[in-house]
Structures are given as structure tokens and as C-alpha cells.
Amino acid sequence: MQDNTPWETIGSLAALFTRLDSERGLPSEEQWTLQVLKLSEEVGEAAQAVIGARATNPRKGRSHGWEHVQEEIADAVITGMVALARMRPDDAAEYLADVLAEKSAKFLPPA
């Protein structure tokens, strides 16, 4: 396990994936589009795990546990953070903090 902060690790992943996609000749907006599609895939896997945890597919029954759902949600969060870091490599953490503050202010009382 690395000693990096989560955002340092996310930044490293974002830089790696950006470099690899750039080497394949993909322009930035195409890279971002594909990253958002990857995020959609991860969210779909979380939904699929919920269906399995709730045993709502009669063909499969209880195919997942809630721990699997949690892992899939973590994958979606990581993928979303990487997407944001790829789009905003210089200020992703600050940008997320600002958006979180703005969105949470609608629900939480002022500190």
C-alpha cells in the first residue's frame, strides 16, 4: 500500500491513463468521454450488485452480498475521481471540495 493521500494516488492514476491514451493518439475530449463511459459502467456494476444482494433476479437469486455492493460503489467513486482529475489535473481536489460545499449547503446547516 502506498503512503500517498487519496488525491495523490488519483492524480497518479489520472496521469498514467492520460499518458497511455495520448500515446494511442486520443484527443483530450475523447479521453474524457471514454472515462465518463467507464464511470457509467462502474455505476451499472454497483446496480447489478444491488440486484444480486436483494435477490430480485429470479434467474440468479442472491448472487451478491452488500460488501460487494460497497466495493462496486468504491470503484465508481474512484473512477469518478480519476475522471475529474483527468479533466482538471491542476485543481481536481479543490474543485471537488468547492462543489461539495456548494451542494451540501443545500442540506446541512452552516458550520
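Think of each chain on its own: its residues are numbered from 1, step by step along the sequence as written. Per-residue local features of the predicted model are confined to residues with pLDDT of at least 70, and side-chain atom pairs are confined, for both listing and counting, to 80 or more; whole-chain, interface and lining totals are unaffected and use all residues. The side-chain figures draw on all heavy atoms in the structure; neither hydrogens nor water molecules are used.

Draft legend 1. Representation of the overall build of the protein chain within the structure. Counting its secondary structure elements, the protein chain contains four helices and zero strands. Elements are defined by DSSP. Helices are runs of H or I of four residues or more, strands are runs of E of two residues or more, and each kind is numbered from the N terminus. Reading the helices (α) and strands (β) of the protein chain from amino to carboxyl end gives α-α-α-α. Note that the radius of gyration is over C-alpha atoms, with the globule rule given as 2.2 Å times the number of residues to the power 0.38. Taking 111 residues into account, the globule formula puts the C-alpha radius of gyration at 13 Å, and the protein chain, at 17 Å, lies well above it. Each principal axis of the C-alpha atoms in the protein chain carries an extent, and together these give about 45 × 45 × 30 Å. Burial here depends on accessible area, computed with a 1.4 Å probe over protein chains only, as a share of the maximum for the residue type. Under 20% is buried, over 50% is exposed, and the range in between is partly exposed. Buried positions account for 21% of the 111 residues belonging to the protein chain. Residue contacts are counted whenever heavy atoms from the two residues lie within 4.5 Å of one another. In the protein chain, the proportion of contacts linking residues at least 24 apart, taken out of those at least 6 apart, comes to 54%. Computed with the Shrake-Rupley method and a 1.4 Å probe, the accessible areas treat only the protein chains shown as cover for residues. Taken as a whole, the protein chain presents about 8,000 Å² of accessible surface, with 59% of it coming from carbon and sulfur. Positive charges come from Lys and Arg alone, negative charges from Asp and Glu alone, with His and the N- and C-terminal ends not counted. Where a charge sits is defined by one atom per residue type, namely NZ (Lys), CZ (Arg), CG (Asp) or CD (Glu). Taking the average location of the 11 positive side-chain charges in the protein chain and that of its 18 negative ones, the two points are 10 Å from each other.

Draft legend 2. Region of the structure containing the environment of Val-50. Following the sequence through the fold, Val-50 ends up in helix 2 (residues 28–54). For the pair formed by Val-50 and Ala-111, sequence separation is 61 residues and the distance between their alpha carbons is 34 Å. Those residues in contact with Val-50 that lie beyond four places of it in its chain are Trp-66 and Val-69.

Draft legend 3. Broad picture of a nonpolar patch on the surface. There is a patch of nonpolar side chains on the surface, built from Leu-16, Phe-17 and Leu-20 and spanning about 210 Å² of accessible area. Examined against the element boundaries, Leu-16 turns out to sit in helix 1 (residues 6–23). A relative accessible area of 34% means that Leu-16 is categorised as partly exposed. Residues enter a patch when their relative accessible area is above 30% and they make no salt bridge; the linking distance is 9 Å between like charges and 5 Å between nonpolar side chains (Val, Leu, Ile, Met, Phe, Trp, Tyr). Throughout this description, the term salt bridge denotes a Lys or Arg side-chain nitrogen within 4 Å of a carboxyl oxygen of Asp or Glu.

Draft legend 4. Summary view of unusual backbone geometry. Residue Ala-55 is not a glycine yet carries a positive backbone phi of 55°. Structurally, the position occupied by Ala-55 is in the loop between helix 2 and helix 3 (66–87).

Draft legend 5. Main features of the packing of helix 2 against helix 3. Where helix 2 meets helix 3, the axes come as close as 8 Å, and the angle between the chain directions of the two elements is 170°. With respect to helix 3, the element helix 2 is oriented roughly antiparallel. Taken together, the residues of the contact of helix 2 with helix 3 break down into 15 nonpolar, five polar and seven charged. A fitted line through C-alpha atoms represents every axis, and for helices the fit uses only the stretch in contact; the resulting angles, taken between N-to-C directions, go from 0 to 180 degrees. An angle counts as roughly parallel when it lies under 35 degrees, as roughly antiparallel when it exceeds 145, as roughly perpendicular when it falls between 65 and 115, and as oblique in every other case. Note on residue classes: Ala, Val, Leu, Ile, Met, Phe, Trp, Tyr, Cys and Pro are nonpolar, Asp, Glu, Lys and Arg are charged, and everything else, Gly too, is polar.

Draft legend 6. Seen up close, the packing of aromatic side chains. Two rings from Phe, Tyr or Trp (for Trp, the six-membered ring) form a pair when their centres are within 6.5 Å of each other. A pair whose planes differ by under 30 degrees is stacked, one over 60 is edge-to-face, and the rest are tilted. Taken as a whole, this structure holds zero aromatic pairs when the rule is applied. Directly above the ring of Tyr-95 sits Arg-88, whose terminal nitrogen or CZ lies 3.9 Å from the centroid. Geometrically, a lysine NZ or arginine CZ counts as sitting over a ring once it is within 6 Å of the ring centre and also within 35 degrees of the ring normal.

Draft legend 7. Seen up close, the nonpolar core. Nonpolar cores were defined as sets of buried Ala, Val, Leu, Ile, Met, Phe, Trp, Tyr and Cys residues, with membership established by side-chain atoms within 4.5 Å. Counting residues in hydrophobic clusters, the biggest one holds seven residues: Ile-10, Ala-14, Met-81, Val-82, Leu-84, Ala-85 and Ala-92. Counting residues per element, the ones that place at least two in this core are helix 1 and helix 3.

Draft legend 8. Focus on the packing of helix 1 against helix 3. Contact geometry of helix 1 with helix 3 gives a least axis separation of 8 Å together with a crossing angle of 65°. Between helix 1 and helix 3, the crossing angle belongs to the class labelled roughly perpendicular. Along this stretch, helix 1 crosses helix 3, giving a crossing that reads as right-handed. In this structure, helix 1 uses Trp-7, Ile-10, Leu-13, Ala-14, Phe-17, Thr-18 and Asp-21 to contact helix 3, whose residues at the interface are Ile-78, Met-81, Val-82, Leu-84, Ala-85 and Arg-86. Classifying every residue of the contact of helix 1 with helix 3 by side-chain character gives 10 nonpolar, one polar and two charged. The crossing is said to be left-handed when, going from far helix to near helix, the turn is anticlockwise and less than a right angle, and right-handed when the turn is clockwise.

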